[in-house]
Amino acid sequence: MKRIRSVPVRVTMRRLLVVGATGLVGSKLVKFAPNYGYEALSTHNARHPEDSKSFKLDITDGEATRMLLEEVKPEVIVNTAALHNVDYCETHQEEAHRVNVEGTANLADTASKLGSRFIYVSTDYVFDGRTGHYSESDVPNPLHYYARTKVEGEAVASKVPSYAIARPSVIYGWNPLEATGIPSSSGKTVNFAMYVLDKFGKNETVKAVNDQFSSPTFADNMAEAVLRIASFDGSGIFHTAGRSCISRYEFALKIAEVFNYPTTLVQPVSSKDFKQAAERPKNSCLSVDDTERELGVRFLTAEEGLREMKSQGGTNDPTHSIGSR
Ligand SMILES: NC(=O)c1ccc[n+]([C@@H]2O[C@H](COP(=O)([O-])OP(=O)(O)OC[C@H]3O[C@@H](n4cnc5c(N)ncnc54)[C@H](OP(=O)(O)O)[C@@H]3O)[C@@H](O)[C@H]2O)c1
């Protein structure tokens, strides 16, 4: 009998560079990238990831950014890096511009030269929040300086021949690095769900505004959508947010319900009682219908995302993928 010799097949994975891999979305992109046929290479800035292969990069250093990209030659670059503490950006505008606009331009310019696809993570805050349910074709009208830098970042990204802009809303999920308390250069301390769970764990009450509405976005769900965008043939804007349009107060209540804490630990407050340097949009909820149709993904409601988060048991289990639905 003729024997068939099996020939080992080398599957070539495409190189995807995650800029900001110590972050919440960045860490999920690295985790899920192999499921989508990508070898993930990653960068960090102030914090050190467990992955020793990560490159230290500050995107405001134009020369270092160019050299790293030219060395790695990624097919796809995802820029999750930003200074996104909204009130800090309001009072440190030059610094915010340097990171969110000039840093993005440093990446985008080299992406164009290398012919890499460039994905820029933006925000729901590009909208003024007067109507909510924003679609990709709605025109941004930023209320504060952080949002203005993100609109400028979008303009910079859209000059790359193959580009995509992904807009999430309040992002939540497990990132063990956030629990360490080591400050990120993003200015963010800890995401809302982890913050609330920490307070509940200490039996402390949480005050949350009941008059600002957004679309809480489960980081794992968002990362998997971005990995589909990486292989999507075409440039444009994608709303990559959760399906629920709820206030922070309602979101905190949902966290209590799903994680079995008393809802009495959540107290509603109005924006008027919360002194903030930057005015927040009242309703920046995003419509994800078009992105779902184009990418064949399903975005989770807040309840579904929180249940997934709970099922991960407080970890960042690398084998757990929610996949697309
Ligand atoms: N979090 C939200 O609720 C939210 C909502 C809407 C949109 N967004 C947007 O979504 C993106 C990702 O958010 P996230 O919550 O995943 O962010 P994150 O957890 O704060 O992580 C941000 C990442 O960017 C890196 N970084 C910051 N400044 C940098 C610089 N100058 N050079 C190089 N790297 C730098 C950080 O590195 P180190 O930690 O190592 O310093 C970190 O890896 C951001 O662009 C943000 O504007 C976030």
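Residues numbered from 1 in each chain as written. Predicted model: local features only at pLDDT ≥ 70, side-chain atom pairs only at ≥ 80, totals over all residues. Heavy atoms only, no water.

## Considering the side chain of Glu292
Part 1: If you trace the backbone, Glu292 turns up in helix H10 (residues 289-295).
Part 2: The contacts of Glu292, once residues within four sequence positions are left out, are Arg243, Val297, Arg298 and Phe299. (Helix = DSSP H or I, 4+ residues; strand = E, 2+ residues; numbered from the N terminus. Contact = heavy atoms within 4.5 Å.)

## Structural notes on the side chain of Glu178
Part 1: By secondary structure assignment, the location of Glu178 is in helix H6 (residues 176-179).
Part 2: Here Lys188 takes part through its side chain, which lies 3.0 Å from a polar atom of the side chain of Glu178. (Polar contact = N/O pair within 3.5 Å; in protein donor to acceptor, adjacent residues only side chain to side chain.)

## Digging into the confidence of the model for the protein chain
Any segment with low pLDDT has predicted coordinates that should not be analysed in fine detail.
Part 1: Mean pLDDT for the protein chain: 93, with 92% of residues reaching 70 or above.
Part 2: This model gives residues 315-325 a pLDDT under 50, and the stretch forms 30 contacts once residues within four places in sequence are excluded. (pLDDT = per-residue confidence, 0-100.)

## Re the sheet that holds strand S6 (residues 163-167)
Where strands meet in a sheet, backbone hydrogen bonds hold them as pairs that are either parallel or antiparallel.
Part 1: Pairing within the open sheet is parallel, and its seven strands lie in the order S3-S2-S1-S4-S5-S6-S11. Two strands lie at the open edges of the sheet, namely strand S3 (55-56) and strand S11 (236-239), each paired on one side alone.
Part 2: As judged from the four bridges shared by S6 and S11, these two strands associate in the parallel manner. Within the sheet, the bridge partner assigned to Ala164 lies in S11 and is Gly236. (Pairing = 2+ DSSP bridges.)

## Observations concerning helix H5 (residues 145-157)
Part 1: Counted at 1.5 Å a residue, the expected span for H5 with its 13 residues is 18 Å, and the 18 Å between its end C-alpha atoms agrees.
Part 2: The secondary structure elements touched by the buried residues of H5 are helix H3 (86-91), helix H4 (93-114), strand S5 (117-121) and S6. (Expected span 1.5 Å × (residues − 1).)

## Some words on the state of the cysteines
Between two cysteines, a covalent bond joining their sulfur atoms is known as a disulfide.
Part 1: The full count for this structure, using the stated rule, is one disulfide.
Part 2: A sulfur-sulfur separation of 2.1 Å characterises the disulfide bridge that pairs Cys245 with Cys285. Taking the sign of the torsion about the S-S bond as the criterion, the disulfide between Cys245 and Cys285, at about 85 degrees, is right-handed. Of this pair, Cys245 sits in the loop between S11 and strand S12 (246-247) while Cys285 sits in the loop between strand S13 (266-269) and H10; the two residues are 40 residues apart in sequence, bridging distant segments of the chain.
Part 3: Among the residues examined, Cys245 registers a relative accessible area of 39% and is labelled partly exposed.
Part 4: Cys285 gets classed as buried once you look at its relative accessible area, which sits at 3%. (Disulfide = S-S within 2.5 Å. Buried < 20%, exposed > 50% of the residue type's maximum accessible area, 1.4 Å probe, protein only.)

## Notes on the pairing of strand S1 (residues 14-19)
Part 1: Looking at chain direction, S1 and strand S2 (residues 38-44) are connected through six bridges and run parallel. Within the sheet, the bridge partner assigned to Val18 lies in S2 and is Ser42.
Part 2: As for the winding sense of the linkage, the β-α-β connection from S1 through helix H1 (residues 24-32) to S2 is right-handed.
Part 3: Where S1 lies against strand S4 (residues 76-79), four bridges are found, and the strand directions are parallel. (Right-handed = clockwise from strand over helix to strand, strands pointing away.)

## Here we look at unusual backbone geometry
Part 1: Within the chain, Lys73 stands out as a residue other than glycine whose phi angle is a positive 45 degrees.
Part 2: With relative accessibility at 49%, the residue Lys73 sits in the partly exposed group.
Part 3: With a phi angle near 50 degrees, His133 is a residue other than glycine that sits in the positive phi range.
Part 4: Locating His133 in the fold gives a position in the loop between S5 and H5.

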